[in-house]
Amino acid sequence: MEVKNILFPTDFSKSAERALPHALEISRRFGGKVTILHVRTPFGDDTSSPEFQFFDQGKYELYVEKKLEEMPEIIDASELVETAMARNISAASGILEFADDHDTDIVVMGTHGRSALAQFFLGSVAEKVVRHASCPVLTVADHRGGYRDQSDYRKILVAFDFSMVSKDAVRRGQRFSQAYQAELEVFYVVEQIVLPPFDKFWKASVQSELPEVLASARKAVTEALGEESLASFSLNVQAGDADGKAEREIVEHAREKEFDLIVMGTHGLSGIDHALLGSTTERVVRTAPCPVLTFHGPRD
């Protein structure tokens, strides 16, 4: 996993400020260059807002240039940092277009953690970038109780589900754990949607199956990465709560064991199912107690 071009989109918010140290630390660990990007969206004003004022392009450009000039002052002179400004009708589209045009290896960005209702109908900029980016995306949340946002990752959790994209997640987790000299755990949740009266019975009965599932997971990872790879991480298999929500188990496990980074692939669902249900990955991004590194598998 090469990490030479790191894109850090910013809107100069506190959320973005919290993500910046992660971009710089990745730059230090992998020897990459950080591009600080601001996307100008002149049509983003809400005319129904009492604070609305007619857009002054000249003043806006001066403000952005000043902010971009200020930001590198907080960065050590040894860092490889560039600044850029793009124009697009939406921030997400601008970020995605810039990332594709500049061979970006990873996007590091903050997420504002909007309310569930607003996020359900509208989505957030970070969520759209996670869904559509062709490169990995690392998201850092703004304000959550007990959130671990230290940029020096010591414990890394990889979500595994036997898919090819999750096997790739193990590889990426290994690469990060090597760069950060971090502890790595591969985590698989046995999940099954069961009617409430039978959920406790299901969870009790599946306990006897866990050793076999663990053996299958170990075999799958070994076939993908080689026998020698097993020494670089621990493999953990658990039974879910029988409600079909693997993301809840992943988030709770990361919170309980105080992981600093979650790595997982996303299958990139689309259409009405995705709009109404979301994906496991996006739900983890919304609720995780630490930064999340996501990426897509091969797409048609």
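In this text the structure is predicted, and so the values were computed from the model without any measurement.

A. Looking closely at helix 6 (residues 164-180). The terminal C-alpha atoms of helix 6, which comprises 17 residues, lie 25 Å apart, in line with the 24 Å expected from a rise of 1.5 Å per residue. Within helix 6, twelve of the 17 residues are buried, leaving the element largely enclosed by the surrounding structure. Among all positions in helix 6, only Val165, Ser166, Lys167, Ala169, Val170, Arg172, Gly173, Gln174, Phe176, Ser177, Ala179 and Tyr180 are buried. Positive phi appears at Gln181, one or two residues downstream of helix 6, with a value of about 55 degrees.

B. The nonpolar core, seen in detail. With 50 residues, the main nonpolar core has Ile26, Ile106, Leu138, Phe176 and Phe233 as its most contacted residues. Counting residues per element, this core draws most heavily on helix 1 (residues 14-30), at seven residues. Among all residues touching Ile106, those that are not within four sequence positions of it are Val3, Asn5, Ile6, Leu7, Ile26, Cys135, Pro136, Leu138, Phe176 and Leu293. Formed by 18 residues, the second largest nonpolar core is a distinct cluster that contains Leu7, Leu96, Ala99 and Cys135.

C. Here's a closer look at the pattern of salt bridges. Scanning the model with the defined rule gives 13 salt bridges in all. Measuring nitrogen to oxygen at the nearest pair gives 3.2 Å for the salt bridge that ties Arg131 to Glu282. In this pair, Arg131 is assigned in helix 5 (residues 125-132) and Glu282 in helix 11 (residues 280-287), connecting sequence segments 151 residues apart. With relative accessibility at 2%, the residue Glu282 sits in the buried group.

Conventions and cut-offs
- Residues numbered from 1 in each chain as written.
- Predicted model: local features only at pLDDT ≥ 70, side-chain atom pairs only at ≥ 80, totals over all residues.
- Heavy atoms only, no water.
- Helix = DSSP H or I, 4+ residues; strand = E, 2+ residues; numbered from the N terminus.
- Expected span 1.5 Å × (residues − 1).
- Buried < 20%, exposed > 50% of the residue type's maximum accessible area, 1.4 Å probe, protein only.
- Core = buried A, V, L, I, M, F, W, Y, C linked by side-chain atoms within 4.5 Å.
- Contact = heavy atoms within 4.5 Å.
- Salt bridge = Lys/Arg side-chain N within 4 Å of Asp/Glu carboxyl O.

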